[in-house]
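Structural features, examined
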Amino acid sequence: LSELLILPGSPLIGKTVIEAAINDRFGINVVYIEREGHEILSPQGSELLELHDRLLVEGTPAELLQMQHEMTLRPVADYSVDSWHPPEDVDKLHLCEVTLAPTSRLANLTLGQLDVRDRFGLSVLAIRHHVASSASTLRGRALDFGDRLL
């Protein structure tokens, strides 16, 4: 996970998460947006991006560097966990593991095709396929029976 700041001149300013196509273009998942001290957990595709938004994103180092360069973003300096305070709506945030059933209609579909964030309001952080785990480039990975989604 990395935190990136939207700088003046960024092509992301004024676009929705969907219009920005961050996941499609860079393979990066936006986990939350911090704006003026308020956190938007699991932002919907219709969420508008603004100047000085802080994006908590997940992706590979190469994906993050490419996005940072192309989208005029700056990494946010690390800060102490002690300075973090839970958002007001933290009770709305839940973590669960879901296993794809043998009769699931979702088998062979990708997370991108399913559009789980906008359809269900969910963010998939990782997929465990039998014994192998993956936490990056999830959007294009086809789901299979027995996959566990976090």
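Each remark here, short or long, concerns the structure printed above.
Residues numbered from 1 in each chain as written. Predicted model: local features only at pLDDT ≥ 70, side-chain atom pairs only at ≥ 80, totals over all residues. Heavy atoms only, no water.

1. Digging into the pattern of salt bridges
The test is simple: Salt bridge criterion: a side-chain nitrogen from Lys or Arg within 4 Å of a carboxyl oxygen from Asp or Glu. By the criteria applied, helices consist of DSSP H or I runs no shorter than four residues and strands consist of E runs no shorter than two, each listed in order from the N terminus. Under the scheme applied here, a residue whose accessible area is under 20% of the maximum for its type counts as buried, over 50% as exposed, and between as partly exposed, the area being computed with a 1.4 Å probe on protein chains only.
Considering all chains together, one arrives at six salt bridges under this definition. Between Glu 3 and Arg 54 there is a salt bridge; the shortest N-O distance is 2.9 Å. Taken together, the residues span a long stretch of sequence, with Glu 3 in strand β1 (residues 2–6) and Arg 54 in strand β4 (residues 54–58) at a distance of 51 residues. Relative accessible area serves as the criterion here: at 10%, Glu 3 is assigned to the buried category. Residue Arg 54 is classed as partly exposed on the basis of its relative accessible area, which comes to 24%. With a closest N to O distance of 3.1 Å, Arg 35 and Glu 47 form a salt bridge. One end of the pair, Arg 35, is in strand β2 (residues 29–35); the other, Glu 47, is in the loop between β3 (38–41) and β4, with 12 residues separating them in the sequence.

2. Concerning the sheet that holds β1
The criterion, for reference: Two strands make a pair as long as DSSP finds a minimum of two bridges between them. In this analysis an axis means a line fitted to C-alpha atoms, helices contributing only their contacting stretch, and an angle means the value between N-to-C directions, from 0 to 180 degrees.
The five strands lie next to each other as β3-β2-β4-β1-β5, forming an open sheet whose pairing is antiparallel. Bordering the open sheet on either side are β3 and β5 (73–75), each of which pairs with just one other strand. Averaged over all neighbouring strand pairs, the angle between strand axes comes to 30 degrees, with direction disregarded. Note: β2 against β3, four bridges, orientation antiparallel.

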